Amino acid sequence: MKWPVPERYNAACDFVDRHMEEGRAHEVAILYRDEVVTYGDLYERVNRAGRLFRELGIEMEQRILLVLPDCPEFVYAFFGAIKIGAVPVPLNPRLRPDDYAYFVYDARPKAVLVGRELVEVFENIVAASRFKPLRLVVKGEAPQGWLSFTDLLHQVDGTLEPADTHKDDVAFWLYSSGSTGAPKGTIHLQHDMPFCVLHYAKPILNIQPGDRTYSVAKLHFAYGLGNAMYFPLGVGASTILVPEHPTPQVILETIQRDRPTLFFSVPTAYNAVLRWEERFRYDVSSLRLCVSAGEALPEKLYHEWKAWTGIEILDGIGSTEALHIFISNRPGQVRPGSSGTVVPGYEAEIRDESGRPVPTGEVGVLWIKGDSVAAGYWNKQEKTQRTFVGSWLCTGDMYVRDEEGYYWYVGRSDDMIKAGGIWVSPIEVENVLIEHPAVVECAVVAHDDGDGLVKPKAFVVLRPDIPSSESLVEELKRFVKERLASYKCPRWFVFVDELPKTSTGKIQRFRLRQTQEGRGA
Ligand code: 3UK
């Protein structure tokens, strides 16, 4: 794999076939429960998947929805589709049934490949839709009107001529769900995955064939797709795929049993593991490096994790639109609490509302540029034009850059609070609150003070053994005021059992802005 990639380029040949030429047929590509998939197996099964899709009449540029838990078949279907020039579109398999109709309408897939538990959901959607995609169920017997993917794989040949794709051909889509509006089909090209391997995974993580990756973020997220699929496959390493929801127990059992060297997670999951008393019973000595993304990693979690495992967590910011991480900390040079410095190959600018770069030390919106940035959003011209401007991408995130080039996250542009005419970063206040021993998690949002002005309001999850009380509210206020300017101190505290989060673990502050419930005051 080299950058720049050649004009005529098919990512499946680079990520799968190349390992045959490099003599890696007997090395392990995927570990899944008790199943071991070698690079030789992978090559053949990707070929079979591509051939099957082609024999079913799927052509270049046609979309295939993949709605699967993490499993080897995801990888076969993903690269099989790309190899014939078709476009895999992974979707979260854990959405509510009603959510899927939109994707069938928006992506207009030629085929859907789903897990057994989603067959009925898709049957109903297809029945009600004008588009009638082919329906494939991943494993087991196929009901009436459906085909069994794994059964059919055995019936087709294991060789496949790749489609003669261009490096700028569409390779796959990922749906990006912003805080508001319908999810946006983000169009990624053949050259985007190798760019991320060669600019982030290799130079920053130093990923090697001997590495084993394990990602808490699933394959249908841009973060998980790199971590658990095209990073390891890009260099001939191994990936551990785990279909279960990542509870602390699942995470630690996987680490102890399958011995990953690289662990990718989100702050919420690091936090959950650190709060779990049983964690000391597990052996995590296989880890050599940990990564956090999805939202800012509080400094406190960095230190607690380091104290327990001896391993650093590299916080880095990425997005679906950029495909993967473009600002990151480096091993041995971590600034806890910061997102790190720009990944070479990308450029970054912090701009004010009129689009002019702000001076160092001032808050603005982060724009980035780099060759993994998506071509745009499917069927969303206005949003595309606002987000992808020239070769720049507007992240919608507010950042400050310091003298040494480290980037400090201060919040989403739509989550920032303007209190008394001054910007308050919800993150800054949350980072102080979380230092208080009674606080497990918290989120700060803008709230109307009754006079049409907004002030910060805190939603707090307390340690289970700590009751909420008026005196605790006073104590928390005092705690914040001792550490921050008083206009930043939340005017109201609401104690809640949990915070609303996306399936990626991002706190949904916009939902808290709409909420008024909770125990206590
Ligand atoms: C936020 C962060 C602070 C930020 C992602 C790594 O999260 C990923 O993609 P999404 O499209 O969300 C993007 C948005 O999430 N964010 C992500 N990482 C951080 N905020 N610190 C961070 N370290 O608002 C960004 O705009 O779901 C993460 C790799 C690939 C990804 N797609």
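This one's a predicted model, so the numbers in the text were calculated from it and none came from an experiment.

What's the story with the overall build of the chain in this structure? I'm lost.
Helix and strand content of the chain: 15 helices and 27 strands. Its C-alpha atoms give the chain principal-axis dimensions of about 70 × 50 × 45 Å. Here the chain holds 521 residues, and the buried ones make up 60% of them. Taken as a whole, the chain presents about 21700 Å² of accessible surface, with 48% of it coming from carbon and sulfur. Distance between charge centroids for the chain: 2 Å, based on 59 positive and 70 negative side chains.

Looking at this structure, how should I read the domain arrangement of the chain?
The accessible area lost on association of the parts is a frequent measure of interface size. Split into domains, the chain comes out as domain 1 (11–175), domain 2 (194–412) and domain 3 (417–514). Relative to domain 3, the C-alpha centre of domain 1 lies at a distance of 43 Å.

Any chance you could explain the nonpolar core here in plain terms?
A general trend in soluble globular proteins is that nonpolar side chains are found buried together. Counting 123 residues, the largest nonpolar core has Phe15, Leu42 and Phe79 as the members making the most contacts within it. With 9 residues, helix H8 (residues 222–235) is the largest single contributor of residues to this core. Residue contributions to this core reach at least three from each of two domains, namely domain 1 (11–175) and domain 2 (194–412). Leaving out residues up to four positions away in the same chain, Leu42 has contacts with Val16, Ala29, Ile30, Val37, Val75, Tyr76 and Leu233. Counting 23 residues, the second-largest nonpolar core is a separate cluster that includes Val104, Ala107, Val114 and Phe122.

In this structure, what is going on with the UniProt feature "domain: AMP-binding enzyme C-terminal" (unreviewed entry) in the chain? I would like to understand it.
Under the UniProt annotation, "domain: AMP-binding enzyme C-terminal" (unreviewed entry) lies at residues 428–506. Overall, residues 428–506 shows 25% helix and 29% strand. The separation of its end C-alpha atoms is 16 Å.

Would you mind going over the pairing of strand S15 (residues 325–328) with me for this structure?
Consecutive residues of a regular strand have side chains that alternate between opposite faces of the sheet. Pairing geometry for strand S14 (residues 313–318) and S15, over 3 bridges, is antiparallel. Paired with Ile317 across the bridge in S15 is Ile327. Taken together, S14 and the strand that follows it, S15, pair antiparallel across an intervening segment of 6 residues, in which Leu323 is found at a positive phi of about 80 degrees. In this structure, S15 lies alongside strand S16 (residues 341–342), joined through 2 bridges in antiparallel fashion. Within S16, the residue paired with Ile327 across the bridge is Val342.

For this particular structure, what's the right way to read the site of the ligand?
Neighbouring residues of the ligand: 21 residues in total, closest Asp315, Gly316, Thr320, Asp397 and Lys506. Here an oxygen atom of the ligand sits 2.5 Å away from a polar atom, N or O, in the side chain of Thr320. Within the side chain of Lys506, one N or O atom sits 2.9 Å away from an oxygen atom of the ligand. In isolation the ligand offers 610 Å² of accessible surface; the protein chains occlude 91% of this area.

What exactly am I supposed to notice about the side chain of Thr150 here?
Counting through the fold element by element, Thr150 comes out in helix H6 (residues 149–155). Accessibility expressed as a relative area gives 17% for Thr150, which makes it buried. When neighbours within four sequence positions are excluded, Thr150 is seen to be in contact with Glu73, Val138, Lys139 and Gly140.

Where do I start with the confidence of the model for the chain in this structure?
Predicted coordinates in areas of low pLDDT are best not read in detail. Put simply, the chain has an average pLDDT of 94, and 98% of its residues get 70 or more. Contacts of residues 517–521 to residues separated by more than four positions or lying in other chains number 17 contacts, the stretch itself having pLDDT below 50.

Can you walk me through the sheet that holds strand S8 (residues 170–176) in this structure?
Two orientations exist for strands paired in a sheet by backbone hydrogen bonds: parallel and antiparallel. Pairing is antiparallel in the open sheet, where 3 strands are placed in the order S8-S9-S19. At either end of the open sheet lies a strand with only one pairing partner, and these are S8 and strand S19 (376–377). Relative to strand S9 (residues 184–189), S8 is paired through 6 bridges, and the arrangement is antiparallel. Counted as the bridge partner of Tyr175 is Gly185 from S9.

Where do I start with the packing of aromatic side chains in this structure?
In this description, a pair of aromatic rings is defined by centroid distance and the angle of the planes. For the structure shown, the criterion picks out 28 aromatic pairs. A centroid spacing of 5.9 Å and a plane angle of 20 degrees characterise the contact between Phe15 and Phe79, whose relative ring orientation is stacked. With Phe15 in helix H1 (residues 11–21) and Phe79 in helix H3 (residues 72–83), the pair connects residues that are 64 residues apart, well separated along the chain. Residue class for Phe15 comes out buried when judged on its relative accessible area of 0%. For Phe79, a relative accessible area of 0% puts it in the buried group. Both rings, one in Trp305 and one in Trp308, keep their centres 5.4 Å apart while their planes meet at 90 degrees; by these two values the pair is edge-to-face. Of the two residues, Trp305 and Trp308 are both situated in helix H11 (residues 299–309); the distance of 3 residues between them amounts to about one turn of the helix. Residue Trp305 shares its accessibility class with Trp308, and that shared class is buried. Linked through ring pairs, Phe15, Phe74, Phe78, Phe79, Phe172, Tyr200, Tyr230, Phe231 and Phe264 together constitute an aromatic cluster. Between Arg335 and the ring centre of Tyr406, over which it is positioned, the NZ or CZ distance is 4.1 Å.

Quick notes on the rules
Residues numbered from 1 in each chain as written. Predicted model: local features only at pLDDT ≥ 70, side-chain atom pairs only at ≥ 80, totals over all residues. Heavy atoms only, no water. Helix = DSSP H or I, 4+ residues; strand = E, 2+ residues; numbered from the N terminus. Buried < 20%, exposed > 50% of the residue type's maximum accessible area, 1.4 Å probe, protein only. Areas by Shrake-Rupley, 256 points an atom, 1.4 Å probe, with all protein chains shown as cover. Lys, Arg positive; Asp, Glu negative; His and termini not counted. Charge placed at Lys NZ, Arg CZ, Asp CG, Glu CD. Domains from an automatic or database assignment. Core = buried A, V, L, I, M, F, W, Y, C linked by side-chain atoms within 4.5 Å. Contact = heavy atoms within 4.5 Å. UniProt positions renumbered as here; feature names shortened; annotations may be inferred. Pairing = 2+ DSSP bridges. Near = heavy atom within 4 Å. Polar contact = N/O pair within 3.5 Å; in protein donor to acceptor, adjacent residues only side chain to side chain. pLDDT = per-residue confidence, 0-100. Phe/Tyr/Trp six-rings, centres within 6.5 Å; stacked < 30°, edge-to-face > 60°. Lys NZ or Arg CZ within 6 Å of the ring centre and 35° of its normal.

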